[in-house]
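Given next are the chains, with one letter for each unit.
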Amino acid sequence: MAPYTEAEIADALKGMRPTKTSGSDGFPAIFYQKFWHIISKDTSEFCLDVLNHGHSLDEINRTQLVLIPKPANPINLKNFRPISLYIVIYKIIAKSVANHLQKVLDGCIDDSQSAFVPRRLITDNVLLAYEVLHSFKNKRSERKGFMALKLDMSKVYDRVEWHFIKCVMSKLGFANGFIDFVIRCLNFVQYFILINGEEGLSFRSTRGLRQGDPLSPYLFLFCREGLSALIRLACQEGKICRAKVYRTSSSITHLMFADDCILFGEVSNRGISILQEILREYEVCLG
């Protein structure tokens, strides 16, 4: 909750890709970066008014959706990939908040999560997964069998309920003022679908995260933290058997990557039904 400064606004802008497509105002990040010596005062004042004094985001929180065809001859909406285009000033504000958030992620996100958290590498979990699976293959003498269940969690981006994110952040100990600002970034978005270069009618979403928003990867971590919490709880109650590479090593129940998750468990009716119960509960909470 520390007040934001002009230096943080400048750092957020420097960390943006200069030629990424801009939103409805037509000014990409390179414009702000090249002419920062001229427009820094006005831009910083506006951003700090929003961040420190709660001014409205409505004017700048506009998102254009462009449908990019995946195959050469698309025939239905599934053949298109929606790309979100933002006004750069909103991205500066969101990236400043994301930079604040980065400083505390290591202390509140489970060790099983390796992507998006500073000082963690996604390759660490790749190596761990390989070692665990290798140990499963070599355990021929034990009666108990172990399994690895791989889940694709990319739909979380599209379907997560905002109330779930709010509850997880509150449970993790974030201040109410900070949580409210993050939810405002999600709530007050006007979407326009760009068709043949023209904007259609505006509409608002009621759930999900936006691709390309600097805050989205970190909010995605909070979504996954709900699953980690359910697995930890099941372990404490002795419902799940942890996997080990060898007898004296640390035990592992699950590993998380960018949008994939691998769960380890015992091959038995009980072990499988417990994992199903965890996933059902997570599904209901997440939406």
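Scroll up to find the structure.
Everything numeric here is computed off the predicted structure, so don't read it as measured data.

Any chance you could explain the sheet that holds strand β1 (residues 62-69) here in plain terms?
Hydrogen bonds between backbone atoms are what pair the strands of a sheet, whose relative direction is either parallel or antiparallel. Read across the sheet, four strands follow the order β2-β1-β4-β5 without closing on themselves; strand pairing throughout is mixed. Across the chains shown, the open sheet's two edge strands, defined by having one partner strand only, are β2 (80-86) and β5 (198-199). Here β1 runs beside strand β4 (residues 190-195); their pairing, made up of five bridges, is parallel. Along β4, the bridge assignment pairs T63 with Y191.

Just checking my understanding: could you explain unusual backbone geometry for this structure?
If a residue is not glycine, its phi is most likely negative; likewise, a peptide bond is most likely trans. One non-glycine residue, N196, lies in the positive phi region at around 55°. Topologically, N196 is positioned in the loop between β4 and β5.

Just to check I follow, could you spell out the nonpolar core for this structure?
By size, the foremost hydrophobic cluster in this structure holds 71 residues, and its most contacted members are I93, M169, L219 and F222. When residues no more than four places from it in sequence are discounted, the contact partners of M169 are F174, F178, I179, V182, L219 and F222. F136, L255, I262 and F264 belong to the second largest nonpolar core, which has ten residues in total.

I keep staring at the packing of helix α1 (residues 6-14) against helix α3 (residues 36-53) and nothing clicks. Help me out?
The description of two packed helices rests on the angle between their axes and on the distance between the axes. In the contact formed by α1 and α3, the axes pass within 9 Å of each other and the chain directions differ by 110°. With respect to each other, α1 and α3 are oriented roughly perpendicular. Crossing of α1 against α3: the hand is right-handed. Touching E6, I9, A10 and L13 of α1 are W36, S44, C47, L48 and L51, all from α3. Broken down by class, the residue content of the contact of α1 with α3 amounts to seven nonpolar, one polar and one charged.

Is there a simple way to think about the side chain of S44 in this case?
Take S44: it is sitting in helix α3. With residues near it in sequence (within four places) discarded, S44 still touches E6, I9 and W36.

Any chance you could explain the sheet that holds strand β6 (residues 254-256) here in plain terms?
With respect to topology, three strands assemble into an open sheet ordered β3-β7-β6, the strand pairing being antiparallel. Of all the strands in the sheet, just β3 (146-152) and β6 have a single pairing partner and so form its edges. Mean inter-strand twist for the sheet, computed between neighbouring axes without regard to direction, equals 15°. Here β3 pairs with strand β7 (residues 260-266) via seven bridges, running antiparallel. Paired with K150 across the strands is I262, a residue of β7.

Basis of the calculations
- Every chain's residues receive numbers from 1 upward, in the order its sequence appears when written.
- Two thresholds apply to this predicted model, a pLDDT of at least 70 for residue-level local features and 80 or more for giving and counting side-chain atom pairs, whereas whole-chain, interface and lining totals are computed over all residues.
- Just so you know, side-chain values use all the structure's heavy atoms and leave hydrogens and water out.
- Whether two strands pair comes down to DSSP finding at least two bridges between them.
- Segments assigned H or I by DSSP are reported as helices when at least four residues long, segments assigned E as strands when at least two residues long, and all are numbered from the N terminus.
- The nonpolar core is taken to be a set of buried Ala, Val, Leu, Ile, Met, Phe, Trp, Tyr and Cys residues, with the residues joined through side-chain atoms within 4.5 Å.
- Only protein chains enter the area calculation, which uses a 1.4 Å probe; residues under 20% of their type maximum are buried, those over 50% are exposed, and those in between are partly exposed.
- The contact criterion used throughout is that any non-hydrogen atoms of two residues lie within 4.5 Å.
- Lines are fitted to the C-alpha atoms to define the axes, a helix being fitted only along its stretch in contact, and any angle between axes, read from their N-to-C directions, falls within 0 to 180 degrees.
- The cut-offs work like this: below 35 degrees is roughly parallel, past 145 is roughly antiparallel, 65 to 115 is roughly perpendicular, and the gaps in between are oblique.
- Each crossing gets its hand from how the near helix is turned against the far one by less than a right angle, where anticlockwise is left-handed and clockwise is right-handed.
- The classification used treats Ala, Val, Leu, Ile, Met, Phe, Trp, Tyr, Cys and Pro as nonpolar, Asp, Glu, Lys and Arg as charged, and all other residues, Gly among them, as polar.

So yeah, pure geometry; function would need other evidence.
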